[in-house]
Amino acid sequence: MKQLNKFTMNLLSRSSNESFARVAVTAFVAQLDPTVEEINDIKTAVSEAVTNCIVHAYKNEIGKIYISVRILECNVVEIKIRDKGCGIADIEKAMTPLYSSEGGERAGLGFTVMQSFMDTLRVTSHVGKGTTVTMKKRISVRVGKNV
């Protein structure tokens, strides 16, 4: 698919940056005139992915979170959220609902939530090198809107 526009940013893995990340991403996606529901879906998925970086990738240290958003043909949004943290040894296990490497208060639903709100979700990871979460969502074309 042909890229029509792109936005990138890097943030420190501080919890205060989670809300900024979701607002920045959805502000960029706003050029496609998404519905309120589509905006909320994207906000939720981005929040989950960024929170995973903060809580799991860097654990008790501060690292960088790399975010890129591409607008592709056919009103498709591709969001990549990447870290250079500890990585995930078993992606399939990590994507199992209710599994959390942290235990305790963590619900273990981050990947499940991302999958439910986005059209596609792909997770790649290498232990000691980091994780990349790639999500795509097609934004609906409203009647009377020029594409």
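Refer to the structure above for everything that follows.
Since the model is a prediction, treat every value here as computed from it, not as a measurement.

Engineer: Got a minute to help me understand the overall build of the protein in this structure?
Structural biologist: The helix and strand tally for the protein stands at 4 helices and 5 strands. Helices and strands appear in the protein in the N-to-C order β-α-α-β-β-α-α-β-β. Put simply, the protein has 147 residues, and 45% of those count as buried. Long-range contacts, defined as pairs at least 24 residues apart, comprise 66% of the intrachain contacts of the protein with a sequence gap of at least 6.

Engineer: What exactly am I supposed to notice about the environment of threonine 26 here?
Structural biologist: As for its position among the elements, threonine 26 is in helix 1 (residues 16-29). Measuring from C-alpha to C-alpha, the distance between threonine 26 and lysine 43 comes to 6.6 Å, with 17 residues separating the pair along the chain. A polar contact is formed between the side chain of threonine 26 and the backbone oxygen of arginine 22, at a distance of 2.8 Å.

Engineer: Any chance you could explain the sheet that holds strand 2 (residues 64-72) here in plain terms?
Structural biologist: Note: strands within a sheet are paired through backbone hydrogen bonds, in either parallel or antiparallel orientation. Here 5 strands make up an open sheet; going across it, the order is 1-2-3-5-4 and the pairing antiparallel. Strands with a single pairing partner mark the edges of an open sheet, and in this sheet they are strand 1 (3-12) and strand 4 (120-126). On average, adjacent strands in this sheet sit at an angle of 10° to one another, irrespective of strand direction. Note: strand 1 against strand 2, 9 bridges, orientation antiparallel. Within the sheet, the bridge partner assigned to asparagine 10 lies in strand 2 and is tyrosine 66. Packed onto the sheet, helix 1 meets strand 1, strand 2 and strand 3 (76-83) and runs at close to 170° relative to strand 1.

Engineer: Can you help me understand the packing of helix 1 against helix 2 (residues 36-57) in this one?
Structural biologist: A pair of packed helices is captured by two measures, namely the crossing angle of their axes and the spacing between those axes. Interaxial distance between helix 1 and helix 2 falls to 9 Å at its minimum, and their mutual angle equals 140°. Handedness of the crossing formed by helix 1 with helix 2: right-handed. Contact residues: Glu18, Ala21, Arg22, Val25, Thr26 and Val29 in helix 1; Ile39, Ile42, Lys43, Val46, Ser47, Val50, Thr51 and Ile54 in helix 2. The class makeup of the residues in the contact of helix 1 with helix 2 is 8 nonpolar, 3 polar and 3 charged.

Engineer: Quick question: what am I supposed to make of the side chain of glutamate 38 here?
Structural biologist: By secondary structure assignment, the location of glutamate 38 is in helix 2. Look past the residues within four positions of glutamate 38 in its chain and what remains in contact with it is Lys137, Arg138, Ile139 and Ser140.

Engineer: Just checking my understanding: could you explain the pattern of salt bridges for this structure?
Structural biologist: Pairing between side chains becomes possible if they bear opposite charge and their charged atoms approach one another. According to the stated counting rule, one finds 4 salt bridges in the structure shown. With a shortest N-O distance of 4.0 Å, lysine 136 and glutamate 78 are connected by a salt bridge. One end of the pair, lysine 136, is in strand 5 (residues 130-138); the other, glutamate 78, is in strand 3, with 58 residues separating them in the sequence. Residue class for lysine 136 comes out partly exposed when judged on its relative accessible area of 31%. A relative accessible area of 7% means that glutamate 78 is categorised as buried. Within the structure, one salt-bridge network assembled from shared partners comprises Arg70, Glu78 and Lys136.

Conventions adopted
- Residues numbered from 1 in each chain as written.
- Predicted model: local features only at pLDDT ≥ 70, side-chain atom pairs only at ≥ 80, totals over all residues.
- Heavy atoms only, no water.
- Helix = DSSP H or I, 4+ residues; strand = E, 2+ residues; numbered from the N terminus.
- Buried < 20%, exposed > 50% of the residue type's maximum accessible area, 1.4 Å probe, protein only.
- Contact = heavy atoms within 4.5 Å.
- Polar contact = N/O pair within 3.5 Å; in protein donor to acceptor, adjacent residues only side chain to side chain.
- Pairing = 2+ DSSP bridges.
- Axes fitted to C-alpha atoms, helices over the stretch in contact; angles between N-to-C directions.
- Left-handed = near helix turned anticlockwise from the far one by under 90°.
- Nonpolar A, V, L, I, M, F, W, Y, C, P; charged D, E, K, R; others polar.
- Salt bridge = Lys/Arg side-chain N within 4 Å of Asp/Glu carboxyl O.

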